[in-house]
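Here is how the chains run, residue by residue.
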Amino acid sequence: MRISLNEIKKLVPAAAKVETAELVRLIGSRLVEVEETIDLAPKYQNVYIVKVVECEPIEGTHLHLCQIDAGQAVPVQVVCGAPNVHAGMLAVWVAPGAIVPQTYGEEDFKLDVRKLRGFESHGMLAAIDELDLGDDHEGIAEIDPSTDNPVTGQNVQPGDNFADVFDLNDTILDIENKSLTHRPDCFGLIGFAREVAGILGEPFQYDTCVAEQDKGQQVHIEIADPSICPRYSCAVLELKDADKSDKYLTATDIFLAKAGMRGISKIVDVTNYLMLMTGQPLHAFDYDKFLTVGGKDTATIGVRLARPGEKLQLLDGKTIDCIASDILITSGDTPVALAGAMGGASTEIDVSTTRVLLESATFSLYNLRKTQMAHGIFSEAITRFTKGQPACQTKSVLDSAIVMLGGTVVATGDNYAKKSTPAAITVTATEINSLLGTNYDAALMSKTLTNVGFEVIIKPRGDAAGGTPSARSRQASTMGESAAAGPVGFTITPPTWRTDIHIKEDIIEEIGRLLGYDNIPLTYPTRPFIGAHIPELLQLKNKIRDIMSGRLAAHEVLTYTFVSEKLQQDVGEDATDSYKIVNSISPELQCFRQTITPSLLEKVRGNLKSGHRDFALYEINQVTKQSYGKDEDGVPKLYTHLAYVTTGDFYQMKAALVALLEDLGFDADKLDFRTSDGHLPYLEPLRSTSVTTPHLCAGEVRNSVKKRLKLGAEPISAFEISLEQLLADLSESSKKSVKLSKFPAVTRDITLKVPAGTPFVAAKQAITEVFERESLIIALTPNSIFEATKGAKYRNLSFHLEFKSAKKTLESQEISDIMEKVAENAKKSVGAEII
Amino acid sequence: MRTIEKIKQEIKALGAEYAKIKSLAPEERKAFGESLNQKRQVLDRELQEALDAAEASTVEPLDVTAPAAANANIREVKRGTKHPLMTELNHILDIYAKMGFDIMEARQLDDEFHMFESLNFPEGHPARDGYDTFRTEEGFIPPAHTSTMQHRALKAHKKDLKNGGQIAVVIPGRVFRNEDVDATHEHTFYQCEGIFVSKDATMGQMLGVLKRLFEEYYGQTLKIKTQPGYFPFTEPSLELLIEKPQSLGGKGDGWLEMLGCGMIHPNVLKMAGIDPDAYKGFAWGGGIDRLAILKYGIDDIRYFESGKLDFLKEF
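Criteria and thresholds
Residues numbered from 1 in each chain as written. Chains lettered and ligands numbered in written order. Predicted model: local features only at pLDDT ≥ 70, side-chain atom pairs only at ≥ 80, totals over all residues. Helix = DSSP H or I, 4+ residues; strand = E, 2+ residues; numbered from the N terminus. Buried ≥ 20, exposed ≤ 12 C-beta atoms within 10 Å, placed from the backbone. Contact = placed C-beta atoms within 7 Å. Core = buried A, V, L, I, M, F, W, Y, C linked by C-beta atoms within 7 Å. Domains from an automatic or database assignment. Arc of directions from axis to C-beta. Axes fitted to C-alpha atoms, helices over the stretch in contact; angles between N-to-C directions. Parallel < 35°, antiparallel > 145°, perpendicular 65-115°, else oblique. Nonpolar A, V, L, I, M, F, W, Y, C, P; charged D, E, K, R; others polar. Pairing = 2+ DSSP bridges. pLDDT = per-residue confidence, 0-100.

**A few points about the overall build of chain A**
For chain A, the helix and strand inventory stands at 21 helices and 42 strands. With respect to the three principal axes, the spread of C-alpha positions in chain A is 125 × 90 × 60 Å. Counting all 835 residues of chain A, 44% fall into the buried class. A fraction of 70% describes how many contacts in chain A between residues 6 or more apart in sequence connect residues 24 or more apart.

**A few points about the nonpolar core**
With 268 residues, the main nonpolar core has Val92 and Leu125 of chain A as its most contacted residues. The leading source of residues in this core is helix 6 (residues 203-218) of chain B, at eight residues. With residues near it in sequence (within four places) discarded, Val92 of chain A still touches Val47, Ile49, Leu125, Ala126, Leu131, Ala141, Ile143 and Phe162 of chain A. One finds Val770, Phe803, Ala826 and Val830 of chain A within the second-largest nonpolar core, a separate group that totals 15 residues.

**A word on the domain arrangement of chain B**
Assigned domains within chain B: domain 1 (1-77) and domain 2 (84-312). A straight line from the C-alpha centre of domain 1 of chain B to that of domain 2 of chain B covers 71 Å.

**Quick look at helix 5 (residues 150-157) of chain B**
Residue and element names in this part refer to chain B. Among the residues of helix 5, those classed as buried are Gln150, His151, Ala153, Leu154 and His157. Taken end-on, helix 5 shows its buried residues confined to a sector of 165°, consistent with a single buried face. Elements in contact with the buried residues of helix 5: helix 4 (112-115), strand 2 (167-176), strand 3 (188-198), helix 7 (266-271) and strand 7 (280-287).

**Looking at the packing of helix 14 (residues 536-549) of chain A against helix 19 (residues 723-732) of chain A**
Residue and element names in this part refer to chain A. Packing of helix 14 against helix 19 brings their axes to within 10 Å, and their N-to-C directions diverge by 95°. As the angle between them shows, helix 14 and helix 19 are arranged roughly perpendicular. Together, Glu536, Leu537, Leu540 and Lys541 of helix 14 and Leu723, Glu724, Leu726 and Leu727 of helix 19 make up the contact between the two elements. Split into classes, the residues belonging to the contact of helix 14 with helix 19 amount to five nonpolar, no polar and three charged.

**Things to note about the domain arrangement of chain A**
Domain annotation of chain A identifies domain 1 (2-40 + 170-199), domain 2 (42-165), domain 3 (217-416), domain 4 (425-519), domain 5 (536-732) and domain 6 (746-834). Taking only C-alpha atoms into account, the centre of domain 3 of chain A sits 94 Å from that of domain 6 of chain A.

**Regarding the sheet that holds strand 13 (residues 171-175) of chain A**
Sheet strands pair by backbone hydrogen bonding; their relative direction is either parallel or antiparallel. All names here are of chain A. Strand order in this open sheet of three strands is 1-13-2, and the pairing throughout is antiparallel. Unpaired on one side and paired on the other, strand 1 (2-4) and strand 2 (34-39) mark the two borders of the sheet. The average angle at which neighbouring strand axes cross in this sheet is 25°, direction not considered. Looking at chain direction, strand 2 and strand 13 are connected through five bridges and run antiparallel. Looking at the pairing, Asp39 lines up with Thr171 of strand 13. Taken strand by strand, helix 2 (residues 20-30) contacts strand 2 and strand 13, and its axis lies near 160° from that of strand 2.

**Examining the pairing of strand 7 of chain B**
The side chains of a regular strand alternate between both faces of the sheet. Residues and elements named next belong to chain B. Across the eight residues that make up strand 7, a large majority, seven, are buried. By the bridge criterion, eight bridges tie strand 3 to strand 7 in an arrangement that is antiparallel. Each bridged residue has a counterpart across the sheet, and for Gln191 the counterpart in strand 7 is Gly287.

**Quick look at the confidence of the model for chain B**
Mean pLDDT over chain B: 93, with 100% of residues reaching 70 or higher. Across the whole predicted complex the pTM is 0.85, and at the interface the ipTM reaches 0.89.

**A few points about the sheet that holds strand 23 (residues 342-343) of chain A**
Residues and elements named next belong to chain A. Taken in spatial order, the five strands line up as 15-18-21-22-23 in an open sheet, and their pairing is mixed. Of all strands in the sheet, those with a lone pairing partner are strand 15 (220-223) and strand 23, marking the two edges. Judged from the four bridges that link them, strand 21 (residues 327-331) and strand 22 (residues 334-338) form a sheet pairing that is antiparallel. Bridging from a neighbouring strand, Ile329 pairs with Ala337 of strand 22. This element, helix 7 (residues 287-294), spans strand 18 (300-305), strand 21 and strand 22 of the sheet and lies at about 140° to strand 22.

**Quick word on the interface of chain A and chain B**
Between chain A and chain B, the residue contacts involve 78 residues of the former and 73 residues of the latter. Of all the secondary structure elements, the ones that give two or more residues to the side of chain A that touches chain B are helix 2, helix 8 (365-375), helix 11 (429-436), helix 13 (504-515), helix 14, strand 30 (555-556), helix 16 (597-609) and strand 33 (616-623) of chain A. A total of six residues in the side of chain A that touches chain B trace back to one element, the largest contributor, which is helix 13 of chain A.

**With respect to the environment of Leu85 of chain B**
Residue placement: Leu85 of chain B occurs in helix 3 (residues 84-99). Distance from Leu85 of chain B to Gly33 of chain B, taken between C-alpha atoms, is 75 Å for residues 52 residues apart in sequence. In contact with Leu85 of chain B, not counting residues within four places along its chain, are Leu558 of chain A together with Tyr190, Ile288, Asp289, Ala292 and Phe304 of chain B.

**Comments concerning the packing of helix 3 of chain B against helix 8 (residues 289-296) of chain B**
Residues and elements named next belong to chain B. At their nearest, the axes of helix 3 and helix 8 sit 9 Å apart, and the two run at 105° to each other. The pairing of helix 3 with helix 8 is recorded here as roughly perpendicular in orientation. Of the residues in helix 8, those in contact with Pro84, Leu85 and Glu88 of helix 3 are Asp289, Leu291, Ala292, Lys295 and Tyr296. Residue classes in the contact of helix 3 with helix 8 are distributed as five nonpolar, no polar and three charged.

**Digging into unusual backbone geometry**
Excluding glycine, most residues fall at negative phi; most peptide bonds, likewise, are trans. Each neighbour pair has its own omega, and for Thr693 of chain A with Pro694 of chain A the value is -5°, a cis peptide bond. If you trace the backbone, Pro694 of chain A turns up in the loop between strand 36 (683-691) and strand 37 (696-701). Look at the link from Glu235 of chain B to Pro236 of chain B: it is a cis peptide, with omega at -5°. By the element assignment, Pro236 of chain B lies in strand 5 (residues 234-243). The phi dihedral of Asn71 of chain B is positive, around 65°, even though this residue is not glycine. Take Asn71 of chain B: it is sitting in the loop between helix 2 (26-56) and helix 3. On the neighbour-count criterion, Asn71 of chain B (5 C-beta atoms within 10 Å) is exposed. In this model, Asp132 of chain B sits at a positive phi of 40°, which is unusual for a non-glycine residue. Mapped onto the elements of the fold, Asp132 of chain B is located in the loop between helix 4 and helix 5.

**Observations concerning the environment of Thr58 of chain B**
Among the secondary structure elements, Thr58 of chain B is positioned in the loop between helix 2 and helix 3. Thr58 of chain B sits 167 residues away from Lys225 of chain B along the chain, and the two C-alpha atoms are 69 Å apart.

See below:
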């Protein structure tokens, strides 16, 4: 929304005395975020109002050679191609050296003296679009000679500054609409200005809800349900020149242009002007067409919800299928407009219109919000309606329109179906100060509220809970706050336009905001000596990140929570078990992921493509699927997974996995690597494993999956672990303290020749169990696994052994005995031969 | 310098001198012995230096700029990286924890009740549109803000209010908005929410705590300012801005919008079973991505979820 500071200053005299920068700062800190401040003055520098003195056609062209009076001693020559240029007219001249306003701040097209068809042309006579005040390029802008120049106080004269005459030495504020969602009143300049007055500590004088009078015949208005339309006011006007566009560029055109709107026709311009001033949108029907549609001599206006299957052709030519929550305006029972959103084609005003039916109504913002979404209508009017325009001003705004349009009132109507009076709120000065952390006195609080239209009844100390009001005033009270006999209380009635004020916190916000949150003294809460609780899962995640990104040299990535159905299918997951987004941006982001590894595989592809080799990625994030069920809140159970993917084979991945688990506190020797349980469908069952404690799956990615994901032929390996499970498993496998032996260790290297197909772990166990039986401490390190040729019958497994007794130094005889037992056991258990 | 041999000879010669002690008068012996001992110490030191020098002369110098010795394998010590968003988030969480805030992580799939109802958004209210939420077929919502966790945090910590206690919790999490992605917009990003409830929480305390948070984060004192905002779940509602810190090139003029905040709406407290007449609270929430973008001068927000090693290896 664009707000003209000059308009605000007209409504709030005190604002005119404040520096623009300070005014903008105050508005920004006490009313609404100002996204941008636009200074219009430089845009209209060297633009003047001039009189065309002579105007001769240039033969063989559409151009005219003009002599213009620019208030200088001699006329200036300008070549003009506009069809409406004529001698005697007042036009707008962009002088040499000036930038064409339309191009200001963009390509900055600077005018000079140039020759056109052999004639010198000094600058240009500008059309509305070139002045950046509209889209019109039919002809050049023409000025009504009776226009006042507010700077000189006289009628406009050739040579007058264009910006002076049309109030363009102005600052426009671009406002963030979102932060005014709850403030329908601020969507009109009057409401906005009232806030500015309040911020400046001044009372605001402008009553939008003036006394109303009915004129002419009564129009019958039937409102089916007051909750969809609390009030509907209307008037039928007979106009002599209903749709005659103004010949001249008017102050209204400029007013609309500053707000980002365009002049269209007199009726539309008046309705738009009043909407911008008051926030109340108006709609104009062709009254005679309205009667024709209804098939009667007198109008019956209906307001009701759409019925199933109802269609309506709108002003923009489109025919919509109404939804059940759409509010329709009907003539008799026939729909003629989509309430709050757009008029219908059948009652559109046009050049032949002589009688107009003006509508000024308010509708349920909830219904209009659905209408807006269903039909994609985002007009200035519906933007205001969906904030909940108050019912109190429909009639007075309509009255202003009647005055501005100046026709004869034929009939009027006003159905105020649902009157709502704001409820009074009681609050004490202490409550206000204790929530804000301030020490404002009661008089200041009261004045702050009354300035912006609240009615405040001050109750003396000790009378806060209720009782007879003892002082009722719109004036500031001098009563201060004192603890002697209890707090000062207020009974506060919000103005009718403040539909957002319901509870005492709303009142506290008004006081805090208008007096400036930045004036609140900063303090700290007092804190007890209690250490912060960091969830175990978060601690585990951070520990894992330290290990993975540290000693394991992996790269942490974050990938999207949502993946495509295609990816899930490609990796063999059951996409029907996924939670699916119905309004996703693209099919790429449709399914809540069940595991993280597939997302990482996609990132491996990208990185291989850009030339990276030999790397590992990991991610810790949430996963779920429907079959996990719901938690006690009835929402899907979520799990946090760690996934790791490396461009290496199973054993490279396994080394990282074991190192991680060891660092986390698991005993590497007790990790039970078993044949895969096929839990992760994208891992090759013959080249993957499952571990029970902690539960995880690890392995090489299936060839078919690699092919579908275009991951090349080299092995890619992955593991994925549920961290909730890992946490539970960790607490069970807490490490015990170790007693160190003070006796020397013996080292031996042995090689077992075992039949191919003997699990490594079995051979290893055949060695270690011998030492365990003898109560010796053994540390075994695999040295190598040797296979002479592929498919050979035997493999040689070499180990480095380091063993000792906790009780004594081992004698050489004892050592050779134990090695003998190892050889025997290896032969017995796995058919191994020591070589 | 004398050779090692020469020094050794001198030591030997000095040894012979000791024999003379016996021949001296008793009163002269002490002084003579001390002078010999001094000479011996000097010679011992000289010998050690000479020996060290001899040892050092066999050491070969190396090229400290080379990655390995000649004919040796060049071994690469690989380096891993942490994601910058997680690093920033943890930095913030560390500060919160030091300030005494418990941490509670947010869910990535939630429901209408937690996203809107529990936060005082009336059913069908246009304020719900501002959040551009995704929805699943079942009507679940990937949260559009971490405020979705407020209700859970209040309920879970309600017991802490007994005996004059407080609720002080921060909630980091991943959030989602249905919007088109470009260099400055992501549909997936991170936020951190905070709530504080006590018998006497004030807006002055809220502003004090938040100012302190950013001062800790940027390591300097900072000016703050506010602008009014609108959130259905806080009343009053504000946006907090901080002075652009020196580390980001601030010279005491520019402002950065950091977060939305406000006093917790009584309906939100009530819904969590906390009496709004007895307890007051404040809540706030802000983006984490922006902190990282500002800190590292990242020119495209899409890098965060790109998984590009070229990007990750910068951190």
